[in-house]
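Structural features, examined
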Amino acid sequence: MKRALISDIHANLEALKAVLADIRNQGVSDVYCLGDVIGYGPNPCECLDEVIKLCPVTILGNHDQAALFDPDGFNPVALQAVYWTREQLEAANGTPAQINKRWDFLGELPRTHQEGDFLFVHGSAREPTNEYVFPEDVYNQRKMEALFSRVDKYCFQGHTHIPGVFTMDREFLTPEDLGGQYRLGDERVMINVGSVGQPRDNDSRACYAIIEDNTLTYRRVEYNVDTTAEKIYDIPDLDNMLGDRLRSGR
Ligand SMILES: [Fe+2]
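These remarks concern the structure in this document. Fair warning: this is a prediction, and the values are worked out from it, not measured in the lab. (Residues numbered from 1 in each chain as written. Predicted model: local features only at pLDDT ≥ 70, side-chain atom pairs only at ≥ 80, totals over all residues.)

Comments concerning the overall build of the protein chain
Going by this rule: Secondary structure elements are defined from DSSP: runs of H or I of at least 4 residues count as helices, runs of E of at least 2 residues count as strands, and each element is numbered from the N terminus. Within these notes, the globule rule equals 2.2 Å times the number of residues to the 0.38 power, and the radius of gyration is based on C-alpha atoms. Each residue is classed by its C-beta neighbour count within 10 Å, where at least 20 other C-beta atoms makes it buried, 12 or fewer makes it exposed, and intermediate counts make it partly exposed; the C-beta atoms are placed from backbone geometry. Placing a C-beta atom from the backbone of each residue, one calls two residues in contact when those atoms lie within 7 Å.
Along the protein chain, the regular secondary structure elements total 8 helices and 12 strands. Over its C-alpha atoms the protein chain spans a radius of gyration of 17 Å, differing by no more than 12% from the 18 Å that the globule rule assigns to 250 residues. Reported as C-alpha extents along the three principal axes, the dimensions of the protein chain are approximately 50 × 35 × 35 Å. Burial statistics for the protein chain: of 250 residues in total, 43% are counted as buried. Considering only contacts in the protein chain between residues 6 or more positions apart, those separated by 24 or more positions represent 73%.

Some thoughts on the pairing of strand β6 (residues 154–157)
Note the following rule: A pair of strands is treated as paired once DSSP finds two or more bridges between them.
Burial along β6 is two-sided: Tyr-154 and Phe-156 facing one way and Cys-155 and Gln-157 facing the other are all buried. Summarising the sheet, strand β5 (residues 118–121) and β6 pair through 3 bridges and their orientation is parallel. Opposite Phe-118, over in β6, you have Tyr-154 as the bridge partner. Bridging between β6 and strand β10 (residues 189–192) involves 4 bridges; their strand directions are parallel. Bridge pairing links Tyr-154 to Val-189 in β10.

Brief notes about the pairing of β5
Filter applied, for reference: Look down the strands so they point away from you; if going from the first strand over the helix to the second traces a clockwise path, that crossover is right-handed.
Here 4 bridges tie strand β4 (residues 112–115) to β5, and the two strands are oriented antiparallel to one another. When the sheet's bridge partners are listed, His-113 is paired in β5 with Phe-120. The hairpin formed by β4 and β5 contains 2 residues between the paired strands, and Gly-116 there has a positive phi angle of roughly 60°. Once the chain exits β5 it traverses helix α6 (residues 141–148) before rejoining the sheet at β6, and the crossover so formed is right-handed.

Considering helix α1 (residues 13–25)
Worth spelling out the cut-off: The span expected for a helix works out to 1.5 Å for each residue beyond the first.
Spanning 13 residues, α1 covers 18 Å between terminal C-alpha atoms, matching the ideal 18 Å at 1.5 Å per step. Those residues of α1 that sit buried are Leu-13, Glu-14, Ala-15, Leu-16, Val-19 and Ile-23. Buried residues belonging to α1 abut β1 (2–6), β2 (30–33), α2 (44–54), β11 (206–212), β12 (215–221) and α7 (225–233). The first or second residue beyond α1 is Gly-27, which carries a positive phi of 65°.

So this is what it looks like as structure tokens:
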């Protein structure tokens, strides 16, 4: 079974479409989404529709949750984007049935999904929706031990928008360190699949991962960043910084 893992689309339709086109060329059987379909970007409804259509498994992200409930822990720029996103979901783009379908989908998203050795979360195995696991956390022995104590084998996550593999030896291996591929073995690992719509590892290309027979492959896909950035600049409620950061991949 060849499965694509996408995460943190953040309402970036150009990045999502480019990734889906790449996925189609890889002969993938299933696409799983690890959350944050919406938030920050200009096309929340369209991105939701794609994910609803395509992904048999989608995990609840903190930005997806923020559209449903009172947002907690968001900075002013992110918060303003949450409120704008809600307005789009409530009012724009579609028939009442389509609008309801999107809300129902968001309201029913699970916080975790386990399939054999594979655990899927948005943030971490400990706090599936909200906890960040950053590369520098490898220096925090207590945190790493606490996280790994909740991982039976392989935990796939997103949320930081920084792709890479956390090992039990408290190493963080970037896709570059790995030559783009990692072979899952006996050791437990936490794997961040990166972000489709707002990468933060200084590479503006959309990021996702493919898993097949215990081999993980990171993929980077070019898309028209300028188109997405311009859409953001045209929406007063989305801070220009959200467009700028797509260009720099930060
Ligand atoms: Fe995110």
